[in-house]
Amino acid sequence: MLRGMPLPRPDHDTQPFWDAAQEGRYVVPRCAACGVGHWPPGPMCPHCFGDEIAWGDAPTRGSVYSWVVATHPVAEVLVDQVPYAIALIDLEPGVRVVGNVVGCDPSAIQAGMAVEVFFEEREEGVRVPNFRIPSGNLEA
Ligand SMILES: [Zn+2]
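Enquirer: How should I be thinking about the sheet that holds strand 4 (residues 84–92) in this particular structure?
Expert: In any sheet, the strands associate via hydrogen bonds between backbone groups, in a parallel or an antiparallel arrangement. Strand order in the closed barrel made by the five strands is 3-4-5-7-6, with mixed pairing throughout. Within the sheet, the average angular offset between the axes of one strand and its neighbour, ignoring direction, is 50°. With six bridges connecting them, strand 6 (residues 114–121) and strand 7 (residues 127–132) associate as antiparallel partners. Among the inter-strand pairings, E120 is bridged to a residue of strand 7, identified as V128.

Enquirer: Whenever I open this one, the pairing of strand 5 (residues 95–102) confuses me. Can you help?
Expert: On a regular strand, one side chain projects to one face of the sheet and the next to the other, so that they alternate. With seven bridges joining them, strand 4 and strand 5 adopt antiparallel strand pairing. By the bridge assignment for strand 5, I89 is matched with V97. Counting the residues between successive antiparallel strands, the hairpin from strand 4 to strand 5 contains two residues, one of them, G94, with a positive phi of roughly 90°. Here two bridges tie strand 5 to strand 7, and the two strands are oriented parallel to one another. Bridge pairing links V101 to F131 in strand 7.

Enquirer: Even after reading the chapter, I still don't get the environment of S66, so can you show me in this structure?
Expert: Examined against the element boundaries, S66 turns out to sit in strand 3 (residues 61–70). A tally of 12 C-beta atoms within 10 Å means that S66 is categorised as exposed. In this structure the C-alpha to C-alpha distance between S66 and I86, which are 20 residues apart in sequence, comes to 8.7 Å. Apart from the residues lying within four places of it in its own chain, the contact partners of S66 are A87, L88 and A111.

Enquirer: Would you take a moment to explain unusual backbone geometry for this structure?
Expert: Excluding glycine, residues mostly have negative phi values, and the peptide bonds linking residues are mostly trans. With an omega of 5°, the peptide bond between W39 and P40 qualifies as cis. Locating P40 in the fold gives a position in the loop between strand 1 (27–31) and strand 2 (53–57).

Enquirer: Looking at this structure, I do not really get the nonpolar core. What am I missing?
Expert: Nonpolar side chains tend toward joint burial in soluble globular proteins. Formed by 17 residues in total, the largest nonpolar core has its most connected members in V64, A87, I89, V101, V115 and F131. Contributing elements (two or more residues each) for this core: helix 1 (15–22), strand 1, strand 4, strand 5 and strand 6. Among the elements that take part in this core, strand 4 stands out by supplying four residues, more than any other. Shared between two domains, this core holds at least three residues of each, these being domain 1 (11–58) and domain 2 (59–140). Not counting the four nearest positions on each side in its chain, I89 is found in contact with G62, V64, Y65, R96, V97, G99, V115 and F131.

Enquirer: Looking at this structure, I do not really get the environment of V117. What am I missing?
Expert: Its location among the elements puts V117 in strand 6. Using a count of 22 C-beta atoms within 10 Å as the deciding quantity, one classes V117 as buried. Considered as a pair, V117 and P129 are twelve residues apart in the sequence and their alpha carbons are 6.4 Å apart. Those residues in contact with V117 that lie beyond four places of it in its chain are Y26, T60, P129 and F131.

Enquirer: Is there a simple way to explain the domain arrangement of the chain in this structure?
Expert: Quoted interface sizes are often the accessible area lost when the parts come together. Domain annotation of the chain identifies domain 1 (11–58) and domain 2 (59–140). Taking only C-alpha atoms into account, the centre of domain 1 sits 21 Å from that of domain 2. Each partner contributes to the interface: domain 1 provides eleven residues, whereas domain 2 provides 13 residues.

Thresholds applied
- Residues numbered from 1 in each chain as written.
- Predicted model: local features only at pLDDT ≥ 70, side-chain atom pairs only at ≥ 80, totals over all residues.
- Pairing = 2+ DSSP bridges.
- Helix = DSSP H or I, 4+ residues; strand = E, 2+ residues; numbered from the N terminus.
- Axes fitted to C-alpha atoms, helices over the stretch in contact; angles between N-to-C directions.
- Buried ≥ 20, exposed ≤ 12 C-beta atoms within 10 Å, placed from the backbone.
- Contact = placed C-beta atoms within 7 Å.
- Core = buried A, V, L, I, M, F, W, Y, C linked by C-beta atoms within 7 Å.
- Domains from an automatic or database assignment.

Set out below in structure tokens:
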């Protein structure tokens, strides 16, 4: 977990995501016409251009598509927290999200590695979703 980072600032497009995160749910926008989820949130389905979007639960497990390991602190609060990993996670077809992968050595992250969503408790009761290796799935 990265300490001291700014808290989320929900806007019109992301308010449902952060509201669900407070309840411990990871949701994504899903198209009413084709049923496919997408990320990032927006007013239109990127697959069929439908404009009726409803939020729904996403799988709580996914796999690492790609990642970077930050080794240089870009802010004073990160000086003692590098290295850390920022990854693209495939949760389901059409839904590739961004998050930190924590709880493992960043150099051990591999493409296709299974990860699960968990919720960090931040200041003032704010919950922020991130990813970790599922318990029992530690790979050598
Ligand atoms: Zn669609």
